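# A closer look at the structure
Okay, here's what each chain looks like letter by letter:
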There are 2 protein chains.
Amino acid sequence: MENETRQEEIIRVAAKLFKEKGYSAVTMRDLATTMNMKAASLYNHISSKQEILEKIIMRIARKFSVGMTAVKSSNDSCIVKLKKIIALHVEVSSQNIYGMAALNHDWMHLEAQLGPYKKLRSDYENDFKEILKEGIAAGEISPIKPDVMMFSILTTLRSLYLWIPKKEVIHLEELTNNLSKILINGIIKEN
Amino acid sequence: MENETRQEEIIRVAAKLFKEKGYSAVTMRDLATTMNMKAASLYNHISSKQEILEKIIMRIARKFSVGMTAVKSSNDSCIVKLKKIIALHVEVSSQNIYGMAALNHDWMHLEAQLGPYKKLRSDYENDFKEILKEGIAAGEISPIKPDVMMFSILTTLRSLYLWIPKKEVIHLEELTNNLSKILINGIIKEN
DNA sequence: GTCTATACCACGATAGAC
DNA sequence: GTCTATCGTGGTATAGAC
């Protein structure tokens, strides 16, 4: 965290507090206390509480969009594309375990950026579903409702931030492999 | 909703608001406006905002505990036990789509009931993991880390409330069957 | 860049008339 | 059982000294 600007530090600490109590329950006084400052001093670095939320959420949302674009444009099979999406979520979640909480649960408190956020999320879900549909058409994936499949896989991936920090030592590659097996092959033992 | 007491009505409406904005962001004035009352009048039916949260969360948490106890004490195979747990989540979630949001995201704002809630949740997760471990020992389930399996399945089940209301017509039995296939057999097509 | 002081407003909750 | 009025607290944010 060297060479981190004071604004970046505030945003990082705020994300941690938002994960613990949610955006609405965290006050500027809470944030200031954690930063060893007075609340008024925060405003030399950020213009509002809302701005902090916007930076936390939109930064991560854009990473997912960029990642999905890369996966879409590849020539991989659908199963490989899915594995790449799983790896994308493990990577982004592990690098933003606090911010992911705000992305998942505090997006409704966005004001000016609410529309742009919703657009990114809905585009992401459509791309995801499209990959599943292609997989079904190509005979790679079981012909179960793509909606239910996407919901099942994506909610697991979106909740990774709750769970990654609990691992003592985080073997991200191992986690990615285990998740791929479970989400793609299921948990039943094949004989 | 006939024969519903005024207190039950307040709790039901509050759960809906909590799902939309989170416990902290919903004010007693918001709740009163939605109920076509003044905020002060709410206090003739409930003693505090905190009491509303407690009733919403603890009621549902106890349903899951009761359901898990029934599954545990059966003589079913582990796979059948898992299917029963999936059905339990579909049932409880569909009957409490608003309350599930508070259960998942506002439990940290519990005060006196925080400890009891955490105990119920942790017991539930331990029972769930135990069933997976038995399944592995019995050769029914793939020998992947039970932690990762439980995380993957349980986060999907815990997020059902986000998704059930989006279905135009809810065929709960079909949803249960599709989810069982996806979570247990995976999405890959077997040839 | 941080501080003290404070403006202004909304919060949960209570008192007491009707 | 609902209302008006209000209490005490604490919210975001600004002004201006240092």
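Owing to the predicted nature of the structure, the values given are computational and were not obtained by experimental measurement. (Residues numbered from 1 in each chain as written. Chains lettered and ligands numbered in written order. Predicted model: local features only at pLDDT ≥ 70, side-chain atom pairs only at ≥ 80, totals over all residues. Heavy atoms only, no water.)

### Considering the UniProt feature "domain: HTH tetR-type" (unreviewed entry) in chain A
Applicable threshold: UniProt positions are given in the numbering used here, feature names are shortened, and annotations may be inferred rather than shown by experiment. Runs of H or I in DSSP of at least four residues are treated as helices and runs of E of at least two as strands, each being numbered from the N terminus.
Mapped onto this numbering, the UniProt entry annotates "domain: HTH tetR-type" (unreviewed entry) at residues 4-64 of chain A. Secondary structure content for residues 4-64 of chain A is 70% helix and 0% strand, and the end C-alpha separation is 23 Å.

### A few points about unusual backbone geometry
In this structure, Asn36 of chain A is a non-glycine residue whose phi angle is positive, near 60°. The topology assignment puts Asn36 of chain A in the loop between helix 2 (28-34) and helix 3 (39-42).

### Here's the deal with the relation of the copies chain B and chain A
Condition: The copies are overlaid by a least-squares fit using only the C-alpha atoms of residues whose pLDDT is at least 70 in both copies. Contacts are assigned to residue pairs that have any heavy atoms within 4.5 Å of one another.
Under the fitted operation, chain B is carried onto chain A by 0.0 Å of movement along the axis and a turn of 180°, and the coordinates agree to an RMSD of 0.0 Å. The transformation relating the two chain copies, once decomposed into turn and shift, fits a two-fold axis. Scanning chain B for the C-alpha nearest the rotation axis identifies Gly186 of chain B, at a separation of 1.7 Å. Counting the interface residues of chain B, we find that 100% of their copies in chain A are interface residues as well, pointing to one common contact surface.

### A word on the UniProt feature "DNA-binding region" (unreviewed entry) in chain A
In the numbering used here, UniProt assigns the feature "DNA-binding region" (unreviewed entry) to residues 27-46 of chain A. For residues 27-46 of chain A, helix accounts for 55% and strand for 0%, while the C-alpha atoms at its two ends are 14 Å apart.

### Considerations on the protein's contact with DNA strand C
This is how it is decided: A cutoff of 4 Å decides nearness: a residue is near a molecule or strand if any of its heavy atoms lies inside that distance of it. Put simply, Ala, Val, Leu, Ile, Met, Phe, Trp, Tyr, Cys and Pro go in the nonpolar bin, Asp, Glu, Lys and Arg in the charged bin, and everything else, Gly too, in the polar bin.
Residues in close proximity to DNA strand C total 15 residues, the closest being Lys38 and Asn44 of chain A together with Thr27, Met28 and Tyr43 of chain B. What you see for DNA strand C is that sugar and phosphate hold 55% of its atoms within 4 Å of the protein. Contributions of two or more residues to the surface near DNA strand C are made by helix 3 of chain A together with helix 2 (28-34) of chain B. Among the residues making up the surface near DNA strand C, the classes are represented as six nonpolar, five polar and four charged.

### Some details on the interface of chain B and chain A
Defined as follows: When two components associate, each loses some accessible surface as probed by a 1.4 Å sphere; the sum of these losses over both components is called the buried area. Only one rule defines a salt bridge in this text: a Lys or Arg side-chain nitrogen within 4 Å of an Asp or Glu carboxyl oxygen. Polar contact is defined as a pair of N or O atoms within 3.5 Å, subject to the rule that within protein one atom must be able to donate a hydrogen and the other to accept it, and that residues adjacent in sequence are counted only when both atoms are side-chain atoms.
Contact residues are listed per partner, giving 42 residues for chain B and 42 residues for chain A. Carbon and sulfur atoms make up 66% of the area that chain B and chain A hide from each other, which totals about 3700 Å². On inspection of chain B and its partner chain A, the count reaches two salt bridges. Note that Lys145 of chain B and Glu174 of chain A form a salt bridge whose closest N and O atoms lie 3.2 Å from each other. The interface formed by chain B and chain A includes 18 residue pairs in polar contact (both at pLDDT 80 or more). Counting only elements with at least two residues in the side of chain B that touches chain A, the list comes to helix 1 (6-21), helix 5 (78-95), helix 8 (146-158), helix 9 (160-163) and helix 10 (172-185) of chain B. No other element matches helix 10 of chain B, which puts nine residues into the side of chain B that touches chain A. Among the residues forming the side of chain B that touches chain A, the class breakdown is 20 nonpolar, twelve polar and ten charged.

### Considering the nonpolar core
Selection rule: Definition used in this section: a nonpolar core is a set of buried Ala, Val, Leu, Ile, Met, Phe, Trp, Tyr and Cys residues joined via side-chain atoms within 4.5 Å. Here the term buried applies to any residue with accessible area under 20% of the maximum for its type, exposed to any over 50%, and partly exposed to those in between, with areas from a 1.4 Å probe on protein chains only.
In this structure, Ile52 and Phe128 of chain A together with Ile52 and Phe128 of chain B are the most contacted members of the largest nonpolar core, which totals 130 residues. Sequence-distant contacts of Ile52 of chain B, that is, excluding residues within four places in its chain, are made with Ile10, Ile11, Ala14, Phe18, Met28, Leu31 and Ile46 of chain B.

### Description of the protein's contact with DNA strand D
What surrounds DNA strand D is a group of 15 residues, the closest being Met28 and Arg29 of chain A together with Lys38, Asn44 and His45 of chain B. For DNA strand D, the backbone makes up 58% of the atoms found within 4 Å of the protein, where backbone means sugar plus phosphate. Within the side chain of Arg29 of chain A, one N or O atom sits 2.5 Å away from a base nitrogen of DNA strand D. Of all elements in the fold, only helix 2 of chain A together with helix 3 (39-42) of chain B reach the threshold of two or more residues within the surface near DNA strand D.

### Quick word on the packing of helix 7 (residues 114-137) of chain A against helix 8 (residues 146-158) of chain A
All names here are of chain A. Which entries qualify depends on this criterion: Fitted lines through C-alpha atoms serve as axes, helices being fitted only where they are in contact, and the angles separating the N-to-C directions of these axes extend from 0 to 180 degrees. When describing relative orientation, an angle under 35 degrees is termed roughly parallel and one over 145 degrees roughly antiparallel, while 65 to 115 degrees is termed roughly perpendicular and anything else oblique. Crossings are assigned a handedness: left-handed for a near helix turned anticlockwise from the far helix by less than a right angle, right-handed for a clockwise turn.
Between helix 7 and helix 8, the least distance of the axes is 10 Å, while the angle of their chain directions is 125°. One finds that helix 7 runs oblique with respect to helix 8. Judged by the twist between their axes, the crossing of helix 7 over helix 8 is right-handed. Across the interface between the two elements, Arg121, Tyr124, Glu125, Phe128, Lys129, Leu132, Lys133 and Ile136 of helix 7 pack against Pro146, Asp147, Met149, Met150, Ile153, Leu154, Leu157 and Arg158 of helix 8. A per-class count over the contact of helix 7 with helix 8 returns ten nonpolar, no polar and six charged.

### Focus on the side chain of Thr176 of chain A
All names here are of chain A. Examined against the element boundaries, Thr176 turns out to sit in helix 10 (residues 172-185). A residue is classified by how much of its surface remains accessible, and Thr176, at 13% relative accessible area, is buried. Those residues within four positions of Thr176 in sequence are excluded, and the remaining contacts are Ile86, Ala87 and Val90.

### Regarding the pattern of salt bridges
Residues and elements named next belong to chain B. Throughout the structure, instances matching the rule amount to 22 salt bridges over all chains. Among the salt bridges present, the one from Arg6 reaches Glu9, with a minimum N-O distance of 3.0 Å. Residue Arg6 and its partner Glu9 are both found in helix 1; the two are separated by three residues, about one turn of the helix. The exposure class of Arg6 is partly exposed, given its relative accessible area of 34%. The shortest N-O distance in the salt bridge between Asp76 and Lys84 comes to 2.6 Å. Overall, the relative accessible area of 39% leaves Lys84 in the partly exposed class.

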